[in-house]
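# Geometric and topological summary
The primary structure of each chain is shown beneath.
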Amino acid sequence: MKILTVIGARPQFVKASVVSRAILELTQHLPGQVTETILHTGQHFDSNMSQLFFDQLGIPTPKINLNIHSNSHGQMTGQMLIEIEKHLLQEKPDWVLVYGDTNSTLAGALAAAKLHIPIAHVEAGLRSFNKSMPEEINRVMTDHVASSLLCPTEAAMKNLEREALSNKSLLVGDVMYDAFLYAQSKSEQHCSVDLEGLDDGFILATLHRAENTDSLQRLKDILMGLNEISLKKRVVLPLHPRTKKQISHFGLEDLLKDILVAPPLGYIEMVRLLSLCECVITDSGGLQKEAYFAKKPCLTVRDETEWVETVDAGWNHLVSASSHQIISQYDALDTPNEWKPLYGHGDAGATIVRHLLDGQK
């Protein structure tokens, strides 16, 4: 069986590492049974956003790098579609494997669908029900053209059932939980952030969603909230390149003065910070879950979340882009007493590979 994996953005590198390791483990026992070719669209191209992840997580070097980035959504998706199609015709895979909800996800799925190549979508079935988000458009369209929908949660399965897609959906657990457990075992040795002066605790924050960074008012409100909280408890903010650019564009640099700003970090380093922080403030879907994995309370600076089970469990709180809500919810924050394994048991990667093999029989 020949798999072609399409990735392009930082969270996809983490997810793909899980399945790639499962494939490598299988081939040790059954040589030649499965081969994987990785196609990197180049959507995240900065070395701290890309190469560092390949190095730390043991992802095989991509055979193909399209180097497509820094354009509008339509331009990027269109260029990716053209180039991915060329490589699919050359590689002739049995499966195309796509992850998540980025432009790379949609382009890979559309290219494969038009060539009648089976598509497996990892992290299928997630819904924010907010069509203004590019990610929502990408994930819905990908689910409807994919051949196999590999779901991380029961909530995702129910979403697909409502869309009459349950006949091709399978609950496999969350590959991000597999990745977290792997990184946690290595994280103590990897932390390049200077934590001096943070012995009394700190808050880990990230901010990158276009809905927040492209709006002056939302970006300003979130930074005001983080800055105010940092006067009480230091906030550590690994800064996404696009967010840094938008802060400069809007002239909001003064709102970072009391925040410890760091460059983008490798996944293992982020897991280390998660293990040490008191709580998380983020608009990242992945970090919301990782906060839950690490048993840390989370404030999500969005109006909705795909990970509704973390909210229902009391570990995650939606605070929108309101400095008042961010500050007041932080002041009232506590750690729930109960934690359940909502995302499987750390074997999603192996389950996915077995499913793809069964689909070829």
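The structure under discussion appears in the preceding block.
Presented here is an overview of the structure given in this document.

This brings us to the sheet that holds strand β9 (residues 235-238). Strand order in this open sheet of 6 strands is β10-β9-β8-β11-β12-β13, and the pairing throughout is parallel. At either margin of the open sheet sits one strand with a lone partner, and together these are β10 (260-262) and β13 (316-318). Going across the sheet, the axis of each strand differs from the next one's by a mean of 20°, ignoring polarity. In the sheet, strand β8 (residues 203-205) pairs with strand β11 (residues 279-282) via 3 bridges, with the strands oriented parallel. Looking at the pairing, Leu-204 lines up with Val-280 of β11. Helix-sheet contacts for helix α12 (residues 285-293) involve β11, β12 (298-300) and β13, and the interaxial angle to β11 is about 170°.

Along helix α6 (residues 154-162), the residues that are buried comprise Ala-156, Asn-159 and Leu-160. Looking straight down α6, one finds its buried side chains confined to an arc of 95°; they lie on one side. Those residues of α6 that are exposed and aimed more than 90 degrees away from the buried face are Glu-161 and Arg-162. On its buried side, α6 packs onto α5 (134-145), β6 (148-151) and β7 (169-171). Once α6 finishes, Ala-164 follows within two positions and takes phi at roughly 60°, a positive value.

Paired through backbone hydrogen bonds, the strands of a sheet run either parallel or antiparallel to each other. Spatial strand order, β3-β2-β1-β4-β5-β6-β7: 7 strands in an open sheet with parallel pairing. The sheet is open, and its two borders are formed by β3 (64-65) and β7, each paired with just one other strand. Note: strand β1 (residues 2-7) against strand β2 (residues 35-40), 6 bridges, orientation parallel. By the bridge assignment, Thr-5 is partnered in β2 with Ile-38. In this fold α5 packs onto β4 (95-99), β5 (119-122) and β6, with an angle of close to 140° to the strand it touches most, β5.

Throughout the structure, instances matching the rule amount to 7 aromatic pairs. Ring centres of Tyr-177 and Phe-293 lie 4.9 Å apart, and the angle between their planes is 50°; this geometry places the pair in the tilted category. Linking Tyr-177 in helix α7 (residues 175-184) with Phe-293 in helix α12, this pair joins segments that are 116 residues apart in sequence. Here the aromatic rings of Tyr-292 and Tyr-343 are separated by 6.1 Å at their centres, their planes lie at 75°, and the arrangement is edge-to-face. Residue Tyr-292 is located in helix α12, and its partner Tyr-343 is located in the loop between α14 (323-331) and α15 (348-359); the two are separated by 51 residues in the primary sequence. Here Tyr-292 matches Tyr-343 in class, with each residue buried. Members of the aromatic cluster, each reached through a chain of ring pairs, are Tyr-177, Phe-180, Tyr-292, Phe-293, Trp-307, Trp-315, Trp-339 and Tyr-343. Over the aromatic face of Tyr-182 sits the side chain of Arg-21, whose NZ or CZ is 3.6 Å from the ring centroid.

What counts as what
Residues numbered from 1 in each chain as written. Predicted model: local features only at pLDDT ≥ 70, side-chain atom pairs only at ≥ 80, totals over all residues. Heavy atoms only, no water. Pairing = 2+ DSSP bridges. Helix = DSSP H or I, 4+ residues; strand = E, 2+ residues; numbered from the N terminus. Axes fitted to C-alpha atoms, helices over the stretch in contact; angles between N-to-C directions. Contact = heavy atoms within 4.5 Å. Buried < 20%, exposed > 50% of the residue type's maximum accessible area, 1.4 Å probe, protein only. Arc of directions from axis to C-beta. Phe/Tyr/Trp six-rings, centres within 6.5 Å; stacked < 30°, edge-to-face > 60°. Lys NZ or Arg CZ within 6 Å of the ring centre and 35° of its normal.

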